[in-house]
Amino acid sequence: GGQWEKALELFDELQRRGLEPDIITYNALISACGKGGQWAKALKLFDELQRRGLEPDIITYSALISACAKGCQWEKALELFDELQRRGLEPDIITYNALISACGNGG
């Protein structure tokens, strides 16, 4: 699970080099944090990308819901699912699988 730390190091490096992270960068980072069990860090990155004016997509939300599932944060996962629908995004099979997993981990 320490690969998420390496992902964050690379993220810091790309910014030091003057490169602007895009939604794909953030999606990859949120996914890495989720796989490493770092759901709170994934949510911080989600806030950060929005502050930068980037628009989260269905991949962003699926990665976040998956991160919440791993962290047994089923209520937050459901909240994110509601939010993505309010934004007019269409959940896909990956989104539903992550949400089902979150609810299954919620006890």
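Not measured: the values here are computed from a predicted model.

Draft legend 1. Structural context of the packing of aromatic side chains. Under the defined criterion, the tally for this structure stands at 3 aromatic pairs. Each ring, one from Phe 46 and one from Tyr 61, has its centre 5.4 Å from the other, and the planes form 70 degrees; the classification is edge-to-face. Note that Phe 46 is positioned in helix H3 (residues 39-51) and Tyr 61 in helix H4 (residues 58-70), a separation of 15 residues in sequence. Residue class for Tyr 61 comes out buried when judged on its relative accessible area of 0%.

Draft legend 2. The environment of Ser 66, seen in detail. Residue position: Ser 66 is located in helix H4. Taking C-alpha positions, Ser 66 is 6.5 Å from Gly 34, a pair spaced 32 residues apart along the chain.

Draft legend 3. Up close: the packing of H4 against helix H5 (residues 74-86). The interhelical angle for the contact between H4 and H5, taken along N-to-C directions, is 165 degrees, at an axis separation of 9 Å. Put simply, H4 runs roughly antiparallel to H5. Judged by the sense of rotation from one axis to the other, the crossing of H4 with H5 is left-handed. Counted together, Ile 58, Tyr 61, Leu 64, Ile 65 and Cys 68 of H4 and Lys 76, Ala 77, Leu 80, Phe 81, Glu 83 and Leu 84 of H5 form the full contact between these two elements. The residue inventory of the contact of H4 with H5, partitioned by class, reads 9 nonpolar, no polar and 2 charged.

Draft legend 4. H4, seen in detail. Taking 1.5 Å of rise per residue, 13 residues should cover 18 Å, and H4 covers 18 Å from first to last C-alpha, within 8% of that figure. Most of H4 is tucked away, with 10 of its 13 residues classed as buried. Taken together, the buried positions of H4 are occupied by Ile 58, Thr 60, Tyr 61, Ser 62, Ala 63, Leu 64, Ile 65, Ala 67, Cys 68 and Ala 69. Those residues of H4 that are buried are in contact with helix H2 (23-35), H3, H5 and helix H6 (93-105). At the N-terminal boundary of H4, the capping side chain belongs to Asp 57, with an oxygen 3.1 Å from the backbone nitrogen of Ile 59.

Draft legend 5. The arrangement of helix H1 (residues 3-16) in detail. The terminal C-alpha atoms of H1 lie 20 Å apart, and with 14 residues this matches the ideal 20 Å at 1.5 Å per residue to within 8%. Within the span of H1, buried status applies to Trp 4, Ala 7, Leu 8, Phe 11 and Leu 14. Projected onto a plane normal to the axis of H1, the buried residues spread over an arc of 120 degrees and lie on a single side. In the core, the buried residues of H1 are packed alongside H2 and H3.

Rules behind the numbers
- Every chain is numbered on its own, with residues counted from 1 as its sequence reads.
- Owing to the predicted nature of the model, reporting of local features is limited to residues with pLDDT of at least 70; listing and counting of side-chain atom pairs is limited to 80 or more, with chain, interface and lining totals taken over all residues.
- With hydrogens and water set aside, each side-chain value is computed from the structure's full complement of heavy atoms.
- When the centres of two rings from Phe, Tyr and Trp lie within 6.5 Å, Trp using its six-membered ring, the rings pair. Their planes under 30 degrees apart give stacked, over 60 give edge-to-face, and anything left gives tilted.
- The secondary structure listing takes helices from DSSP runs of H or I that are at least 4 residues long and strands from runs of E that are at least 2 residues long, numbered from the N terminus.
- Summary of the burial criterion: residues with accessible area below 20% of their type's maximum are buried, those above 50% are exposed, and those between are partly exposed, where the area comes from a 1.4 Å probe applied to protein chains only.
- Whenever a helix is involved, its axis is fitted only over the stretch in contact; in every case the axis is a line through C-alpha atoms, and angles between N-to-C directions fall within 0 to 180 degrees.
- Note on terminology: angles under 35 degrees are roughly parallel, angles over 145 are roughly antiparallel, angles of 65 to 115 are roughly perpendicular, and the others are oblique.
- Each crossing gets its hand from how the near helix is turned against the far one by less than a right angle, where anticlockwise is left-handed and clockwise is right-handed.
- Contact criterion: two residues are considered in contact whenever any of their non-hydrogen atoms come within 4.5 Å of each other.
- Lys, Arg, Asp and Glu make up the charged group, whereas Ala, Val, Leu, Ile, Met, Phe, Trp, Tyr, Cys and Pro make up the nonpolar group; the residues left over, Gly among them, are polar.
- Expected helix span is given by 1.5 Å per residue-to-residue step, counting one fewer step than there are residues.
- Here a polar contact is recorded for every N or O atom pair within 3.5 Å, except that within protein the pair must consist of a potential hydrogen donor and a potential acceptor, and residues adjacent in sequence are included only if both atoms are side-chain atoms.
- To obtain the arc, one takes the directions from the helix axis to the C-beta atoms.

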